[in-house]
Amino acid sequence: MERLVNLYKALGDTHRLNILQMLSGQELSVCEIMQGLSLSQPAVSHHLKILRQADLIESVKHGKLVLYTLKACGLQQIYPLVEQHLGELLQATTANIKPSALRETPNYCELMGLKRSVCEKDE
């Protein structure tokens, strides 16, 4: 589950998606990514850390430089992982849906120590 969370976190940000696109077919340094995205060095480093945690990129030292590239094996693992997760969700939505405890016990919110207005919110 942690792998899936890291993956969705990595893919859930515009800057990180832009970094992945920038790394498509080339290696880049932090300063090149900074220039391409108009972000500060700490911001780029933060995004790169999240992409590394999701196993989507890797870094290679070239002398004093650190260069980043896409990680093919990490990218290949995305499809089966996401497909399985979304498949499970889809299967759950097409099965008989278990009714809410609130539907069966109208005072369920109060029994849980919550105000009824909390259970009635549409958010």
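Residues numbered from 1 in each chain as written. Predicted model: local features only at pLDDT ≥ 70, side-chain atom pairs only at ≥ 80, totals over all residues. Heavy atoms only, no water.

(A) Structural detail: the sheet that holds strand β1 (residues 28–29). The strand order β1-β3-β2 describes an open sheet built from three strands, whose pairing is antiparallel. On the outer flanks of this sheet lie β1 and β2 (57–62), each paired with one strand and no other. Note: β2 against strand β3 (residues 65–70), six bridges, orientation antiparallel. Counted as the bridge partner of His62 is Leu65 from β3. (Pairing = 2+ DSSP bridges. Helix = DSSP H or I, 4+ residues; strand = E, 2+ residues; numbered from the N terminus.)

(B) View of the pattern of salt bridges. Applying the stated criterion across every chain, the model contains one salt bridge. Residues Asp55 and Lys71 are paired through a salt bridge, measuring 2.7 Å at the closest nitrogen-oxygen approach. Of this pair, Asp55 sits in the loop between α4 (41–53) and β2 while Lys71 sits in the loop between β3 and α5 (72–76), placing them 16 residues apart in sequence. (Salt bridge = Lys/Arg side-chain N within 4 Å of Asp/Glu carboxyl O.)

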